[in-house]
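Single-letter residue listing:
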Amino acid sequence: MSTPHNNAKKGDIAKTVLMPGDPLRAKFIADNFLEDVVCFNEVRNMFGYTGTYKGKKVSVMGSGMGMPSIGIYSYELFTQYDVENIIRVGSAGAYSEDVGLFDVVLANSAYSESSYALTAFGYKEDEMPPSSTLNEKLVKSAKELNIPLKQAKIHSSDVFYRDSGVTYQDIYNQTKSVCVEMESFALFANAKKLNKHAACVVTISDSLVTHQATSALERQESFTKMMEIALNAAIM
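This is a predicted model, so every value here is computed, not measured.

What counts, and at which threshold
- Residues numbered from 1 in each chain as written.
- Predicted model: local features only at pLDDT ≥ 70, side-chain atom pairs only at ≥ 80, totals over all residues.
- Heavy atoms only, no water.
- Helix = DSSP H or I, 4+ residues; strand = E, 2+ residues; numbered from the N terminus.
- Rg over C-alpha atoms; globule rule 2.2 N^0.38 Å.
- Buried < 20%, exposed > 50% of the residue type's maximum accessible area, 1.4 Å probe, protein only.
- Contact = heavy atoms within 4.5 Å.
- Axes fitted to C-alpha atoms, helices over the stretch in contact; angles between N-to-C directions.
- Parallel < 35°, antiparallel > 145°, perpendicular 65-115°, else oblique.
- Left-handed = near helix turned anticlockwise from the far one by under 90°.
- Nonpolar A, V, L, I, M, F, W, Y, C, P; charged D, E, K, R; others polar.
- Disulfide = S-S within 2.5 Å.
- Core = buried A, V, L, I, M, F, W, Y, C linked by side-chain atoms within 4.5 Å.

A.B. asks: I'd like to hear about the overall build of the protein, residue by residue, with values.
C.D. replies: Each helix and strand in the protein was counted, giving eight helices and ten strands. Its C-alpha radius of gyration of 16 Å places the protein within 12% of the 18 Å reference for a compact globule of 236 residues. Its C-alpha atoms put the protein at 45 × 40 × 30 Å along the principal axes. By the burial criterion, 55% of the 236 residues in the protein qualify as buried. A separation threshold of at least 6 residues defines the contact pool for the protein, and within that pool the share at least 24 residues apart is 77%.

A.B. asks: Could you give an account of unusual backbone geometry, with specific residues and numbers?
C.D. replies: With a phi close to 60 degrees, Arg44 is a non-glycine residue in the positive phi region. You will see that Asn195, though not glycine, has its phi angle at about 60 degrees, which is positive. Counting through the fold element by element, Asn195 comes out in the loop between helix 6 (184–194) and strand 10 (197–207). A relative accessible area of 67% means that Asn195 is categorised as exposed.

A.B. asks: Residue-level account of the packing of helix 1 (residues 23–33) against helix 8 (residues 224–234), with values.
C.D. replies: Two elements in contact, helix 1 and helix 8, have axes separated by 12 Å at closest approach and are oriented at 70 degrees. Here helix 1 lies roughly perpendicular to helix 8, going by the angle between them. Crossing geometry of helix 1 relative to helix 8 is assigned as right-handed. Contacts between helix 1 and helix 8 involve Arg25, Phe28, Ile29 and Phe33 on the former and, on the latter, Thr224, Met226, Met227, Glu228 and Leu231. Tallied by class, the residues present in the contact of helix 1 with helix 8 amount to six nonpolar, one polar and two charged.

A.B. asks: Any details on the state of the cysteines? Residues and values, ideally.
C.D. replies: On inspection of all chains with the given rule, the structure shows zero disulfides. Cys200 provides the cysteine sulfur closest to Cys179, a residue in no disulfide bond, and the two sulfurs are 7.8 Å apart. For Cys179, a relative accessible area of 0% corresponds to the buried category.

A.B. asks: Lay out the nonpolar core with the relevant residues and their values.
C.D. replies: Counting 40 residues, the largest nonpolar core has Leu77 and Val105 as the members making the most contacts within it. Elements with a contribution of two residues or more to this core: strand 1 (16–19), helix 2 (67–80), strand 5 (85–94), strand 6 (104–111), helix 3 (116–121), strand 8 (150–156), helix 6 and strand 10. The leading source of residues in this core is helix 6, at six residues. The contact partners of Val105, leaving out residues within four places of it in the chain, are Val99, Leu149, Lys150, Ala152, Ile154, Val178, Cys179, Cys200, Val201, Val202 and Ile204. Counting residues in hydrophobic clusters, the runner-up holds 32 residues, among them Leu18, Ala26, Ile147 and Val201.

Such coordinate-based values are descriptive only and should not be taken to indicate function.
Here you go:
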């Protein structure tokens, strides 16, 4: 059965889905890491693919930018397509010199000022946890691959541009979130509500501290370490 946002049929999508924000990053993962790939969704160019990784079925699909977007796509994957695990593979901006360009960070909590969880489910918490089961697999995967993985709290922001007088230093000092992205809080809230598993691995694409930044092409194609960690965890 299809949804207004996904024309896949039941059975087209694996139990575990990697979910980058950029649909072109989803295509890159499918093209470069999966075998026997089938495209299951092209609605709104939010590409989704299913293939095999080391002989096991895995899917990858874009989420778009922001919590409303990943909120829709992940909710439908969980409720309409029997997906059990979603691993966000995204980019993030550093709030601290403890993380630098191309570092891989595993979220052990997502802080947000967003009203997403309150509006959708009545949750009043400003932090959402990932799945401990998935996080354990991701840590194990990184160790197997000998890829450094930093575990930390991250900030899920509703806005990319901010002119409210609140600075990234204020958010870091208040919450100790080491980096910022825009999706994980909603993904974790959906998983909590639906008794599913969700995790987030991000690569640092730019730094608000040092002002270093990667290019759009690097963000699309060069963040392969987090992709390998997530794929290896997906087949455990």
